[in-house]
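Listed here are the chains, written in short residue letters.
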Amino acid sequence: AGGGYISFDADKGQYAGVLDVSIIEIIQVKIIAVLDTIMPDGSHGFSFLLIITFDFPPIQLSFGFTLNGVGGLGGVNRTMNLDALRTGFRAHTLNSIMFPPDPVKNAPQIISNIRNFFPPAQGRYLFGPMLEIGWGTPTLITLSVGVILEVPDPIRLALLGLIASGLPTLDVPLIELHIDVLGTLDFGTKTLEIDGSLYDSHVLIYSLAGDLFFRLNWGDNPAFIFSLGGFHPHFNTAGLNIPPLQRMSVSIGDGDNPRISSNSYFAITSNTLQFGANVEAYASAAGFSVHGYLGFD
């Protein structure tokens, strides 16, 4: 039982399809495919990408861990658009290629994301496995991870990770965590880049947020940067291509009034050590407000 979606653009020579079926109500099979018959330079050819995932009842591994799903990605005459992957990471849309929950309903958006993430490129090939691992019975923590290899030279490697946790249950969580991770290794530019983001997370009514940033360059201009939550306000980031980073934060209060928030950061570069934190309190009523702030850098 299941359903699917097919699209065809005759002018652009683009085909796409999604299949989502359940086999004897045990195994959930999801297949997403895109095919281009007109290359970016206007010539006729083909460029193909296929994603297949299998979800099944948890298989016990050890120490409470379970295997909940497997899958893979393969592409012929396709490449990775790292800028698009970073944009998708910041928009939290990487799940469109990592075990998407409802691929038929969201098929147009998923196909659009895939075309942006993995555009056609003659002579480039993509391969990669995907795993969905859980912990607890029933599952309390889910980790979806994928490794994508692009060949031939220059060889590039991408790591995609999605972490979701809900305690005591995923349906009614008192503690809820969502973390996205994107890592890329490019032997051509000699760079290693890892980004992480904590979003839509909370402990009881206390909101949690924060970003991770890591860059390593071992080429002609070697550099090393690691940050949890950002940098010192006076640190010059010119030329380092650092996106805006959200502080590691905890917000106490249901809404903005009243509120108490704590923000912090920790960073290491090739020649600096940086850390700082602040606590802010705010409340207002009857036309009066109280605002307090204490911090250091």
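Reference entry: report on the structure contained in this document. (Residues numbered from 1 in each chain as written. Predicted model: local features only at pLDDT ≥ 70, side-chain atom pairs only at ≥ 80, totals over all residues. Heavy atoms only, no water.)

So, about the packing of aromatic side chains. Counted by the stated rule, this structure contains six aromatic pairs. Both rings, one in phenylalanine 8 and one in tyrosine 15, keep their centres 4.5 Å apart while their planes meet at 25°; by these two values the pair is stacked. The exposed category is assigned to phenylalanine 8, whose relative accessible area is 51%. When its relative accessible area of 37% is taken as the criterion, tyrosine 15 is described as partly exposed. In this structure an aromatic cluster arises from ring pairing among Phe213, Phe231 and Phe235. (Phe/Tyr/Trp six-rings, centres within 6.5 Å; stacked < 30°, edge-to-face > 60°. Buried < 20%, exposed > 50% of the residue type's maximum accessible area, 1.4 Å probe, protein only.)

On to a nonpolar patch on the surface. Together, Leu174, Ile175, Leu204, Ile205, Tyr206, Val250, Ile252, Ile260 and Val279 make up an exposed nonpolar region whose accessible area comes to about 720 Å². By the element assignment, isoleucine 252 lies in strand β13 (residues 248–252). (Patch = residues over 30% accessible without salt bridge, like charges linked within 9 Å, V, L, I, M, F, W, Y side chains within 5 Å. Areas by Shrake-Rupley, 256 points an atom, 1.4 Å probe, with all protein chains shown as cover. Salt bridge = Lys/Arg side-chain N within 4 Å of Asp/Glu carboxyl O. Helix = DSSP H or I, 4+ residues; strand = E, 2+ residues; numbered from the N terminus.)

Attention now moves to helix α2 (residues 107–117). Of the positions making up α2, those classed as buried are Ala107, Ile110, Ile111, Asn113, Ile114, Arg115 and Phe117. Buried residues belonging to α2 abut β1 (2–9), β2 (14–23), β3 (27–38), β4 (44–60), β5 (65–78) and α1 (82–90). (Contact = heavy atoms within 4.5 Å.)

This part is about the pattern of salt bridges. Scanning the model with the defined rule gives nine salt bridges in all. The closest approach of N and O atoms between arginine 86 and aspartate 83, which form a salt bridge, is 3.1 Å. Linking arginine 86 with aspartate 83, this pair stays in helix α1, spanning three residues, or about one helical turn. By relative accessible area, aspartate 83 is classed as exposed at 54%. Arginine 215 serves as the salt-bridge partner of aspartate 195, at 3.2 Å between the closest nitrogen and oxygen. Taken together, the residues aspartate 195 in strand β10 (residues 191–203) and arginine 215 in strand β11 (residues 206–217) connect sequence positions 20 residues apart. One exposure class covers both aspartate 195 and arginine 215, and it is buried.

Cis peptide bonds are those with omega within 30 degrees of zero, and the linkage from threonine 137 to proline 138 qualifies with -5°. The omega torsion across valine 151 and proline 152 is -5°, close enough to zero to call that bond cis. Tracing the chain through its elements places proline 152 in the loop between β7 (141–151) and β8 (156–167).

This part takes up the side chain of asparagine 278. For asparagine 278, the position within the fold is in strand β15 (residues 273–285). Leaving out residues up to four positions away in the same chain, asparagine 278 has contacts with Ser261, Ser262, Asn263, Tyr293, Leu294 and Gly295.

Bringing the pairing of strand β16 (residues 288–296) into the picture now. Of all nine residues in β16, zero are buried; the element is thus mostly exposed. The pairing of β15 with β16 spans nine bridges and is classified as antiparallel. By the bridge assignment, alanine 281 is partnered in β16 with glycine 292. Hairpin connection, β15 to β16: the antiparallel pair is bridged by two residues, and alanine 286 has positive phi, about 55°. (Pairing = 2+ DSSP bridges.)

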